[in-house]
Amino acid sequence: MNDLKTTNGLTRELIRKQPEQAREIFDGLPLAERAELVMSRRGRDRLDLILLSVETGELVQALPAPEFWITLKEVDEEDVVELLKLATPDQLLHLSDVEWWHQGAIDPLPAAYWLMLLADAGPETCQAWFNRADEELLIAAFSRFFRVFKIDPDNEGYEPWRNLPNLWTLDGVWFLQFFDPHVATVIERFLSQLRTVEEMRYYALLDLVELSVQTEQEDEAYRFRNARLADFGFVEFDEAMEIYRPISDSELAKMRLKQAGSPGFAPPRFPLALVEAPPLLARALALLSDQAAYEAFALGLASLVSRILVADSLDLARLESLTEAAAKAQSFIELGLRRLGGDDEESAARALVELHPFALFRAGYSRVTELARRTEGLLRAGWPARVKLPRGFLAEDGEMLQGLTRPRPQFYAGADAEGSPVFREFKSAGDVERAGRAVARVETLGLLFFEAMAWPEGEIERLAECRPDGEVSWRTALATAAAQAFAGNDFRFAPLTAADARVALENMLTPERPRALRPDVVAAFSARARAGRERLSAAGPAAVEQGAELVVEALEKTAEEARELDLTGLDPRFFASLVIVSGA
């Protein structure tokens, strides 16, 4: 496919400096192509292209409803009002479907905000939205703002509600009592405009609000709203969760399509416009010369993003949520493509044609479920299950493993300000790679501490007892044992005296500050730990290499902490990467 952002030379510079020339090029294209170009741009660039055309209204109305919403989210409020004037009733209704709801109920504040913008756009825009909205939505929404009272001809002026606060009327017959006076003027203005163009339906609405049960109407309105959003992939939660179900190679083979069919309309382009595609996916898309195949993929990708929004319980009204979901969709599709054909872009392009984005996403996300199964086996029957580990021994890798063992695997994203672990959804291939490295590191630690060092029973626990918080990580334990050796003692998991710690650091680190590991330290340690290295080699060459990497990581952590310290005054209380006992 051609890069839509530069098609026909419609660059930002041309549009802004030579608008007449740009308009001639742009309006010479068919409407569908102009809509595609608009959907490929972001923010002000998108608006500039819309306003460039002499057929601005037709162009706006050619945008799928989600693309229209994205356009509004990225421009100034005054531009929003002008675009609302051009919108179709379906586009307007989509705004209330996305913006107004929170946890199954209408949120009055965003609803009032968008009613204000509709009123700013004028009576015709208010009328277009009002006539397209279902009766249940109208009743449920306006019941959130006011109660309705009507004069009693037999008791006029003395009705019980006359002394209630925040009363308002347009005609002296129907009175509205607003629950929140801060939004009353907004709703009053909308209703005033609506009455000028839809007087009969306006009074019918007041009659219905007066007589209806708000909760029942809201339940029905929510059901209708969900049915409309389902057309854009916003399915029920249980169905959306299907994208996280693992998929085997044999299942993937059965799911390959004969050919892709065009959806028959310009599909949303926001998943490709909001975020930059990963390398393999980008190259594969560039090889898609068939327009129908490209449009089928774009439509499937948009539906996938909608399912991610539902499955991950993201806020539909935030553009950041859409961007996050689009990035996640593309990242796991990229993993799926690599699972099927490595880095081969031609194989990837064929997969884009033959497999639905759902299947490609599942193929990629299966990496997460594979890691979860691997972690469960490791913690249930592996080395961590055979010993009592000190608190914090596995450090951040242990937190990562805990996240993977949750009913729905989650990514460990670090600690919050109070030090509590933060878990979230896996968002990208980078998350999967980090989790994979954590699992592999814990597996290697088992080889290192059990095969090479025969897990010194009780010694590591005693190290933890020497720490005020009772915690000792594998890095600290390993660095302490190595420091014992560099201090001239046996390689053992025992706390260092302050004197031995100074000797060890002087032997391990360069003398000048900022200090670093001496170039020969790793080789010297390897020579001293020959017996352990030979035992580790029984697990294969990779185990020796990975074990050495962990030793280096532990020693470098010590070097980093000591880089600017005065070793003559080493204070054990403020040196965390080694276990040093005070008073010696």
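See the structure shown above.
Computed from a predicted structure; not experimentally measured.

Caption draft 1: Examining the overall build of the protein more closely. The helix and strand tally for the protein stands at 30 helices and nine strands. Taking 25 Å as the expected radius of gyration for a compact globule of 584 residues, we find that the protein reaches 32 Å, considerably beyond that expectation. When burial is assessed residue by residue, the protein has 51% of its 584 residues classed as buried. Restricting the contact set of the protein to residue pairs at least 6 apart, pairs at least 24 apart contribute 71%. Of the roughly 26900 Å² of accessible surface on the protein, a fraction of 50% belongs to carbon and sulfur atoms. Measuring between centres, the 65 positive side-chain charges of the protein sit 7 Å from its 95 negative side-chain charges.

Caption draft 2: Expanded view of the environment of glutamine 193. Mapped onto the secondary structure, glutamine 193 falls in helix 12 (residues 181-197). For the pair glutamine 193 and glutamine 127, spaced 66 residues apart in sequence, the C-alpha separation works out to 8.6 Å. Contact partners of glutamine 193, with chain neighbours within four places excluded, come to Ala119, Gly122, Pro123 and Cys126. Of note is the side chain of glutamine 193, whose polar atom sits 2.8 Å from the backbone oxygen of alanine 119.

Caption draft 3: Seen up close, the sheet that holds strand 4 (residues 167-169). Ordered by their spatial adjacency, three strands build an open sheet running 3-5-4, and the pairing between neighbours is antiparallel. Each having just a single partner strand, strand 3 (146-150) and strand 4 make up the two edges of the open sheet. Between one strand axis and the next, the sheet turns by 30 degrees as a mean value, whatever way the strands run. The sheet contact formed by strand 4 and strand 5 (residues 174-178) spans three bridges and is antiparallel. If you follow threonine 169 over to strand 5, its bridge partner there is phenylalanine 175. Strands in contact with helix 12 are strand 3, strand 4 and strand 5; relative to strand 5, the strand with the most contacts, it is inclined by about 150 degrees. The sheet strands contacting helix 13 (residues 199-211) are strand 3, strand 4 and strand 5, and the helix crosses strand 3 at an angle near 105 degrees.

Caption draft 4: Just helix 9 (residues 108-121), in detail. Taking 1.5 Å of rise per residue, 14 residues should cover 20 Å, and helix 9 covers 20 Å from first to last C-alpha, within 8% of that figure. Among the residues of helix 9, Ala111, Ala112, Trp114, Leu115, Leu117, Leu118, Ala119 and Ala121 are the ones counted as buried. In the segment just after helix 9, glycine 122 is the residue with positive phi, at about 110 degrees.

Caption draft 5: Quick look at the packing of aromatic side chains. Under the counting rule described, the total for this entry stands at 24 aromatic pairs. The ring of phenylalanine 175 carries arginine 162 above its face, with NZ or CZ at 4.9 Å from the centroid. Over the ring of phenylalanine 450 we find arginine 386; its NZ or CZ atom is 4.8 Å from the centre of that ring.

About the cut-offs
Residues numbered from 1 in each chain as written. Predicted model: local features only at pLDDT ≥ 70, side-chain atom pairs only at ≥ 80, totals over all residues. Heavy atoms only, no water. Helix = DSSP H or I, 4+ residues; strand = E, 2+ residues; numbered from the N terminus. Rg over C-alpha atoms; globule rule 2.2 N^0.38 Å. Buried < 20%, exposed > 50% of the residue type's maximum accessible area, 1.4 Å probe, protein only. Contact = heavy atoms within 4.5 Å. Areas by Shrake-Rupley, 256 points an atom, 1.4 Å probe, with all protein chains shown as cover. Lys, Arg positive; Asp, Glu negative; His and termini not counted. Charge placed at Lys NZ, Arg CZ, Asp CG, Glu CD. Polar contact = N/O pair within 3.5 Å; in protein donor to acceptor, adjacent residues only side chain to side chain. Pairing = 2+ DSSP bridges. Axes fitted to C-alpha atoms, helices over the stretch in contact; angles between N-to-C directions. Expected span 1.5 Å × (residues − 1). Phe/Tyr/Trp six-rings, centres within 6.5 Å; stacked < 30°, edge-to-face > 60°. Lys NZ or Arg CZ within 6 Å of the ring centre and 35° of its normal.

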